Each structure stands twice: as C-alpha cells, then as structure tokens.
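# Residue-level structure breakdown
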Number of protein chains: 2
Amino acid sequence: MLPDSPIEDHRRFGRRDFLKRSAAAAVAFSTGFPPQPPTIDASRVNAILARFRRFGGTGDGGTTRLAYSDEDLAGRDYATGVMRRAGLEVSTDLAGNLIGRRPGTDPAALPIIIGSHMDSVPGGGSYDGQVGSAAAFEVALTLADHDIALRHPLEVIIFQNEEGGKTGSRALVGRVYAFELDIVTASGHPIRDGIARLGGDPARLAEARREPGSMAGFLELHIEQGALLEAGGTQIGVVEGIVGIRRWNVTVRGAQNHAGTTPMPLRRDALVAAADFVRAANEVATTMPGRQVATVGRIEAIPGAPNVVPGEVRATLEIRDLEMTGIDRVFTGIAARARTIEADREVAITLAQFYESLAAPTDPRFRNIVEAAAAGLGYSHTRMPSGAGHDAQSMAELGPVGMIFVPSRAGISHSPDEYTAPEDVARGANVLLRSLVALDGR
Amino acid sequence: MLPDSPIEDHRRFGRRDFLKRSAAAAVAFSTGFPPQPPTIDASRVNAILARFRRFGGTGDGGTTRLAYSDEDLAGRDYATGVMRRAGLEVSTDLAGNLIGRRPGTDPAALPIIIGSHMDSVPGGGSYDGQVGSAAAFEVALTLADHDIALRHPLEVIIFQNEEGGKTGSRALVGRVYAFELDIVTASGHPIRDGIARLGGDPARLAEARREPGSMAGFLELHIEQGALLEAGGTQIGVVEGIVGIRRWNVTVRGAQNHAGTTPMPLRRDALVAAADFVRAANEVATTMPGRQVATVGRIEAIPGAPNVVPGEVRATLEIRDLEMTGIDRVFTGIAARARTIEADREVAITLAQFYESLAAPTDPRFRNIVEAAAAGLGYSHTRMPSGAGHDAQSMAELGPVGMIFVPSRAGISHSPDEYTAPEDVARGANVLLRSLVALDGR
C-alpha cells in the first residue's frame, strides 16, 4: 500500500484547521444559533479525489475505472484504507457494496447512510461518483478528527456498478433480476463474476436486500452533470428529486416514392412529417411551464437512399420530469401535435411506449436541511431536479433521501473533460457534513 | 424458338386493320391535312409486351430480367426475331446494344433512332423500358405492314444495361470508363463479361462511340414512373427533358448532451436543427415557381441513443430540375435557410456536393412534333419533365432527342405492381409512329 499523503497532509495541518473551526463555533454560539460542526478540510478532500486517479486515470484528465475491473478493485482497497483511518469498520455486503460503519450514541436509532459510487464509464471523467465518494470519506474523517459523536449510526456506502445499471443500490432494494447476472459488463466480467470479484456472493444476492424503513435517511453528493449551476453562477444544487423517464418508439408512415418523378405537391414524405414531429416535441417541452425535457435521440428514414422519398421514419421520443403526471402532460401535448401533423401531411404516426423509470422525489424535509446547510455556510443555492439517475433513486425505496449537487464545467460528463473545481468539491463536502449533522440532531 | 403468336395474331387480323387505316387516311386527305400514317396494331403491341414476360417474368406481374442474365439473352433473341419480321437488319454493336436497321430513300439523310431498353431491376416491373421497346418494334412492324418508306434510315436500338447505369447508351457517347468494366452487376456478371455475353467486344468498347451530329434525332417512349399523368387523367406526356441532379451530404453540428441533465433552453440539439432543415428544403422546393424537387432521403442522428441529445446529424439533400440553373436557384434558397437555422439554433451546417448528373432538355421542335402527334390522334397531353434518367439523356449528346411518356398506375415503378394499361401502351406507340413520320418529313 502506497503512503497516503492526503491523510498526512491533514495531520500536518490539522491543528491550524481546528483553531479556525473553534473560532467559527464560538461565533455561532455568540449569535445564539446552535453550534455548527467544523468545516471539512478542503485540501484533503481534493487530495483524496486526486488520489482516485491512480486507479484508472487515463492521463488526459479522465478516468476509466470500470466496475469489477482491476482498477475498481484497487480503488476499493484504497477507499478501505481511507475509511479505516476515519475509524469506520469496513466490510463488503453480499451484493459487493463497500460499506464503512460507525456506531451511534442512541442504540434505538436507525442508520443514516451517505455515499456514492467510484466506478466510471469507459473513457469517463474523474468526478462522476468520485466527488460524492471522496466527500463521504472526508465527512467521516472530519467527524473523527473532532471526535464528533452522532446519535445515529453512520454508514458510508460505495455502491458497486452504478454506471452499468446501479447494480449495488438496486440489490439493496431487491431489484436485481436473475437474467442480469449474465450480462457481460464493459470490464468483460459478467455481473455474477463481478460481484464475486468484489467479495460479494452472487448466489446469495437476494439476502443483500434491506427492508423499507430500515434507515433514517440517505444523503448523496454528486456532480450536476448539467450546466444549470454553472450557467446561474450557483454553488449548490438542492436536488428536488430524480426525474421519471418514459420512452416511446415513434413510427411515421407516409408514401415511399421516386425522388425524381414525384412532384412536391403529390408527396407524402414521412421524413418531412417526422421533422414536424421533432420540432413539435421540442417546442411543447420548451414552452410548457416546468422543467420537463423531451428528446428525439434516434431517427432513421426508410429506405434511406438519397433518391427515394422516405416512406417511413422510425425514431425515439423520451420525456423526463420530476413528476410522472408532468410526463403525461407533455406527452399529451406532443401527441395532440402528432394528430395535427397526420392531417397536414397525410401520414400515420404511432407512439409506442417501451421504457419507464419512475420519478424519485427527495424528501421535502431533507431539501430544507440541505438548503439551510448551504445558506448557513454562505453558499448560493438553488432547487433543481436531477435529470440523470443516481443510487439515491434506489435508496428512496428504503426511506427519505436527499441529494446535493455541485457544478460541472459546461455540463460535460462521461468524458475526460468532466470537471468540478476544488472549491466546489469542498463546498459540496461541507454541505454534506452540515446536512448530516442537522439530520442527526432532528 | 417458340412460335411467335403476336405476329400470327397480326397476320390473322392484318387485313381488317388495313381497311380501318385506309379509311382514316382518306379522312385526313379529305380535310386537306397531309396524309397521316396508319395507326399501330394495339393488340399486337400488347401481345409483344406480354411475350416479354416469358423471359424473366416472376408470376406476380413483375419481371426480373437483369442485364447480361440468361433471361436478358433469351429476350434479345426474341427481339431479334421480331425485328427481322419487321424487315430490319439486326446486329449487335461493339457495346452489346441490339440494333435493327432499315434503309432510307435519301442516301444523304442521317438515321433517325428509336428504342429503349429491355433489362429490369431485380424484382422489377414488366413495363419500365419494355413498353418503349415493344412500341419501337410495333412501329417498325407497322411501317413494314404498309410498305411505308422513310426518307431517313431508321435504327431501332435496344440499349444494354440501362438499369445498371445506362452502359449501352453511354458507350455510344464514349462515357463508359475503364473502371466500370469491373463492376459486378446484379446478374453476377462484371460489365466486361456481360458485354461479351451480349456479342459486344469490351476490348473495343471505345470504337462503339458515335460522333455528335451523326443522327437526325432520337425518340424514346417510356412509362412515366410518376403519378402526374394518372393524377391529371392525361394520356400522353410530352417530355421537356430529363432533369439534372445534384446531391449533397448535409452535416449539422450542435452539442451532444445528456438528455436528462440538459434543460431545453441550454440545448444545441443537432436533430432539432436538422428538422428545421428538412422542412426548409421541402418548403423552398414546394413554394418556388417551377417543377423542381428537393428530397432529404437519408438521415442519421449521432450518437443515436434515445437518452442523448444528438450532437451531430448526417443527411443527404438531392435537388432535381430541368435546368441546372434551376437547381442552383433552389440550392441558394435552401442554403440561405440553413444560415438562418445556424443562427437560430446555434449549430453549424455544411453542405458538400458529392454527385451531379447534367440536365438533358429535349429538342423544342421534337416537343412540338410529339405534341402535334398526340393532338392529331385526339389524345389528351401535357408537357412535363422526366424526373428519372433515361437512355435519351446520353443520346442527347449525339443530336436532338424527344421523349413520350405514357401513364404509370399510382406512379409505382421498379416493383411488380408497376402497370400501364394496354390502351395507354397503344396510344404511346401511335404517338411514336406519328412523331417518327413527321420527323422524317420535316
């Protein structure tokens, strides 16, 4: 095991930080507010984050740390060491999730869980999942530094294979299906073998399931993966929930014709009608009040020759919103426009749903706690949906969840260009710590 | 060789037809107009057409008679027999075109050429090319029946491999390139071997070239392959020319983004911009005066996933018009709209031309002759462009050309459902005969 320089850094600078924090606590006392926890160590959390790059860093700022790969195993070994230094008792559950535990002072209190994931997509960035994991470690280290006891037990969980389908967090809610175990992941390992590689037991995966109501709450810090915070110059996103998703196959049927011999007025061009549809979907989602999104991401004209008027177009439509009823509202608007296009262009349009992922709102009390934590630290903040899926979506089945977003440069994610500034990482970790302490004290 | 029943039919009914025709000629005389040729034998020309189906007929109304295939060779043997019965001297030129010749009375006169092709696409119809070939034979038979001498020599040409790229007619104007000889055609035979199979000499292909100015004119009858004549209830199309074609690769570059995390106002969706482009191209071509057409026949969104905002779209644009300047005009209009879309949607659109086929206008005097022939026969007629390519396009390099269209049911072509009614075939053959005689008498 390589020497752990971030921890050493901390030991060196620990005292100075402690003095600063004590001063801050004194101010809080003097103004009559309840005492606030110390702030995290900004240089340490960023050093931990930088250290993650030793395991799959690609030299261009990015990281390829595929779930179940050797890099994943090495990264988890490193994480185990960090968690142990924070005084956590580290184990791997039957699903292969890496878990660090810290007891609480109240034997009857349910655990509070914090955490994220450390695996990446192929050719991915060095922040997605990793910022939330590093921040969770930093929170545990800060609690240990200051001997802060929590009433609730604390669990830090590094969920396995988030990028390949949230396998770890879904196992905790009993939603990994038998057929999935045979799926060969990007690492080359089927999920079954991958779970075994991590120290889990694929044959006993069902036993990894936890009961709804078995936790006091779950808090996840994550990079935004969008451009909203950066565009608004905002430091903290108070996540209102993870959006629901519905996807449809769109088929537009017109009349296939010779592109040379069919005059414009006699055409029933399926692609021209599909173009109307693409614009209509965009317009409906853009002009309705709300933050819903609608996307046509795939399109094919049939037969697809430069000299043939397309007789059919196949495309996809995806709508996301924080409320499933919001998705319904957008879909109704788009479907109405499709009926108009059918009449105008003499085509037939069918919309067949093929995918659904239910929305997972965060707990309103958790939103307030995160918001108050950000405000208390003097950070600018805004409420926003999460357009992407996260482990918190699974965890919402076990109890109340909250999520904290930090800015992503230019909204870029799943790319070596993914970037979150060190000061934003530190702010996120501070909000996570303060929210945890607030939640514990409720 | 199978017995040739259409010819036998003709012999049986020949006398009755002759009497009818003589009566018609007498009427023409009595009204002071110059004498008109007799009309063709409607049942005979349709029987010849039906006979073609013995060579590659697919039993579903369609025909697969691929150039250079055994069916093609058998069909040409049959055609040779019909032309000989019409008194033509039959030979195969160095390019493998099948040619029937009839001398003229004026030794100094250049030949008038009529004809079309007999090859089909795979799974093709029984009318494309075949109606024009049958009609050319019928014209020669009618001239022979009535011992009508023409001042000009007459050539009936069955051009080889029209469907595979107009090889036969392009060889006559020296436009078959060396590399083409190695192209393996749908029959499985490379063009080189195919030419040899037909009795041509691929090594001496260049000698098949004829000189510009070496013919008095070329007349081709063809099915419309569009729906314009049928839609207008019109019997004869007076072709104004074969449209020119230009094709472009269209690339729209926006910003690829996560479809969940990118709010609608922050998107630079390449597919939404491409949808604008598809509609703009359609609108410009539809609203400009003229009969130009513009088609986007192929489209692909990249990366093409339902949950990714497309960062790039690749498509094709094709514009056809009777005048190349008309194509330029439409393109300029569409390109201007592309500039507007670029600004509106914050994307970059490039248009890169990759194909050009020059327009071949028919000779204005030939249009008048064809029109007068149709009018003299009491057939409804209209002037129209040919949206498809034809052998006449090559022949226009040798001298003036004219084309006659007959209706196609529902505009369907290159399909077993291709159909032209027997009375339309007969009308076309009559217009071809009368136009030929008028041209000869000029």
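This structure is a prediction, so every number in the text was calculated from the model and none was measured. (Residues numbered from 1 in each chain as written. Chains lettered and ligands numbered in written order. Predicted model: local features only at pLDDT ≥ 70, side-chain atom pairs only at ≥ 80, totals over all residues. Heavy atoms only, no water.)

On to the relation of the copies chain A and chain B, then. When chain A is fitted onto chain B, the two copies agree to an RMSD of 0.2 Å after a turn of 179° and an axial shift of 0.4 Å. The transformation just described matches what one would write down for a two-fold rotation axis. No C-alpha of chain A lies nearer the rotation axis than that of Ala275(A), which sits 2.1 Å from it. A shared interface surface links the copies, since 98% of the contact residues of chain A are contact residues in chain B too. (Least-squares fit on C-alpha atoms with pLDDT ≥ 70 in both. Contact = heavy atoms within 4.5 Å.)

This part takes up the pairing of strand E1 (residues 89–92) of chain B. Walk down a regular strand and you will see the side chains alternate between the two sheet faces. Residues and elements named next belong to chain B. Alignment of E1 against strand E2 (residues 98–102), held across four bridges, turns out to be antiparallel. Bridge assignment links Val90 to a residue of E2, and that residue is Gly100. Between E1 and the antiparallel strand that follows it, E2, lie five residues; Gly96 among them carries a positive phi value of about 90°. (Pairing = 2+ DSSP bridges. Helix = DSSP H or I, 4+ residues; strand = E, 2+ residues; numbered from the N terminus.)

Moving on to the confidence of the model for chain A. All names here are of chain A. With 92% of its residues at a pLDDT of 70 or more, chain A has an overall mean of 91. Here residues 1–33 is modelled with pLDDT under 50, and outside its nearest four sequence neighbours on either side it reaches 33 contacts, counting other chains as well. Predicted as a complex, the structure gets a pTM of 0.75 and an ipTM equal to 0.76. (pLDDT = per-residue confidence, 0-100.)

With that out of the way, let us pick up the packing of aromatic side chains. Residues and elements named next belong to chain A. Summed over the entire model, instances satisfying the criterion amount to 12 aromatic pairs over all chains. Relative to Phe331, the ring of Trp248 lies with its centre 4.3 Å away and its plane at 5°, an arrangement referred to as stacked. Taken together, the residues Trp248 in strand E7 (residues 244–253) and Phe331 in helix H9 (residues 324–345) connect sequence positions 83 residues apart. The residues Trp248 and Phe331 share a single accessibility class, namely buried. (Phe/Tyr/Trp six-rings, centres within 6.5 Å; stacked < 30°, edge-to-face > 60°. Buried < 20%, exposed > 50% of the residue type's maximum accessible area, 1.4 Å probe, protein only.)

Moving on, we get to the nonpolar core. Residues Ile299(A), Leu317(A), Ile299(B) and Leu317(B) are the most contacted members of the largest nonpolar core, which totals 72 residues. Filtering out sequence-adjacent residues up to four positions away, Leu317(B) remains in contact with Arg246(B), Arg247(B), Trp248(B), Val250(B), Phe277(B), Ala281(B), Ala294(B), Thr295(B), Val296(B), Phe331(B) and Ile334(B). (Core = buried A, V, L, I, M, F, W, Y, C linked by side-chain atoms within 4.5 Å.)

So, about helix H10 (residues 364–376) of chain A. Residues and elements named next belong to chain A. For H10, built from 13 residues, the straight-helix expectation of 18 Å at 1.5 Å per residue is met to within 8% by its first-to-last C-alpha distance of 18 Å. Residues Phe366, Arg367, Ile369, Val370, Ala373 and Ala374 constitute the buried set of H10. Relative to the axis of H10, the buried residues are bounded by an arc of 165° and lie together on one face. On its buried face, H10 sits against strand E5 (217–223), strand E6 (236–242), strand E14 (360–361), strand E15 (381–386), strand E16 (401–406) and helix H12 (422–441). (Expected span 1.5 Å × (residues − 1). Arc of directions from axis to C-beta.)

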